[in-house]
Amino acid sequence: MMENDARVTLDYIEFTSPKLEETQAFFADAFGWQFVDYGDDYRDIQGAGIGGGIERGALRPPLPVLKTDDLEGMLGVVKKAGAQITADIFDFPGGRRFQFIEPGGSEMAVWSDH
């Protein structure tokens, strides 16, 4: 189990868009952000002040993503605090993560690069 002084930071925000190319063009034109393409359905946002991405898909609220050094420990912490796990730990390019809904209804994720 993680200690109470575990460092967990807001590290990334993920958007979805059914019109990925249009959203990307808007973010570039309006905010000057740049992008790294990860396949046809994901863009990593560069230069926004915080990490971010756009995933092609049905529109949903932005997903705040926290970073931790102890993913399994943090999974236990959020469960104990009352979160509903919506996606158990899974691998993705660059690390592993899980997703949950906090008691107030917001979906969030936690990731680790190892």
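So, here is what we can say about the structure in this document.

What follows is about the sheet that holds strand 5 (residues 63–67). Judged by pairing direction, the sheet is mixed, and its 8 strands sit side by side in the order 2-3-4-1-5-8-7-6 without closing on themselves. The two strands at the open ends of the sheet, each matched to only one other strand, are strand 2 (34–37) and strand 6 (84–92). Neighbouring strand axes in the sheet, compared pairwise and without regard to direction, differ in orientation by 25 degrees on average. Running over the sheet, helix 1 (residues 20–31) touches strand 1 (9–17), strand 2, strand 3 (42–46) and strand 4 (51–56) and is turned about 150 degrees from strand 4. Sheet strands touched by helix 2 (residues 71–80): strand 6, strand 7 (95–101) and strand 8 (107–112). Its angle to strand 7, the strand with the most contacts, is close to 5 degrees.

Let's shift gears to helix 2. Within helix 2 the residues assigned to the buried category are Leu71, Gly73, Met74, Leu75 and Val78. Contact partners of the buried residues in helix 2: strand 6, strand 7 and strand 8. Of the residues trailing helix 2, Gly82 is marked for its positive phi of about 110 degrees.

Here helix 1 is 12 residues long and its end C-alpha atoms lie 16 Å apart, about the 16 Å a rise of 1.5 Å per residue gives. The set of residues buried in helix 1 consists of Leu20, Thr23, Gln24 and Phe27. The arc that holds every buried residue of helix 1, seen down its axis, measures 100 degrees, which confines them to one face. Turned more than 90 degrees from where helix 1 packs its buried face, Glu22 and Asp29 sit exposed. At its buried positions, helix 1 is contacted by strand 1, strand 2, strand 3 and strand 4. Gly32 lies just past helix 1 and shows a positive phi near 75 degrees.

Our focus in this paragraph is the nonpolar core. Counting residues in hydrophobic clusters, the biggest one holds 10 residues: Leu66, Leu71, Met74, Leu75, Val78, Ala83, Phe98, Phe100, Met108 and Val110. When residues of this core are traced back to their parent elements, those giving at least two are helix 2, strand 7 and strand 8.

Attention shifts here to the pairing of strand 2. Where strand 2 meets strand 3, 4 bridges bridge the pair, whose relative direction is antiparallel. From the neighbouring strand, Phe35 faces strand 3, where its bridge partner is Ile45. Between strand 2 and strand 3, which pair antiparallel and follow one another directly, the connecting turn spans 4 residues, one of which, Gly39, has a positive phi of 80 degrees.

Turning to the packing of aromatic side chains, a few remarks are in order. Throughout the structure, instances matching the rule amount to 8 aromatic pairs. A centroid spacing of 5.9 Å and a plane angle of 40 degrees characterise the contact between Phe27 and Phe31, whose relative ring orientation is tilted. Of the two residues, Phe27 and Phe31 both sit in helix 1, 4 residues apart, roughly one turn of that helix. Given the relative accessible area of 9%, Phe27 is considered buried. Chaining the aromatic ring pairs together yields one cluster made of Phe15, Phe26, Phe27, Phe31 and Trp33.

What follows deals with the pairing of strand 4. The sheet contact formed by strand 1 and strand 4 spans 6 bridges and is parallel. Its bridge partner being in strand 4, Ile13 is matched across the sheet by Gly52. Bridge count between strand 3 and strand 4: 4 bridges; the pairing is antiparallel. Paired with Arg43 across the two strands is Ile54, which belongs to strand 4. Counted between consecutive antiparallel strands, the loop separating strand 3 from strand 4 contains 4 residues, among which Gly47 sits at a positive phi close to 80 degrees.

Cut-offs applied
Residues numbered from 1 in each chain as written. Predicted model: local features only at pLDDT ≥ 70, side-chain atom pairs only at ≥ 80, totals over all residues. Heavy atoms only, no water. Pairing = 2+ DSSP bridges. Helix = DSSP H or I, 4+ residues; strand = E, 2+ residues; numbered from the N terminus. Axes fitted to C-alpha atoms, helices over the stretch in contact; angles between N-to-C directions. Contact = heavy atoms within 4.5 Å. Buried < 20%, exposed > 50% of the residue type's maximum accessible area, 1.4 Å probe, protein only. Expected span 1.5 Å × (residues − 1). Arc of directions from axis to C-beta. Core = buried A, V, L, I, M, F, W, Y, C linked by side-chain atoms within 4.5 Å. Phe/Tyr/Trp six-rings, centres within 6.5 Å; stacked < 30°, edge-to-face > 60°.

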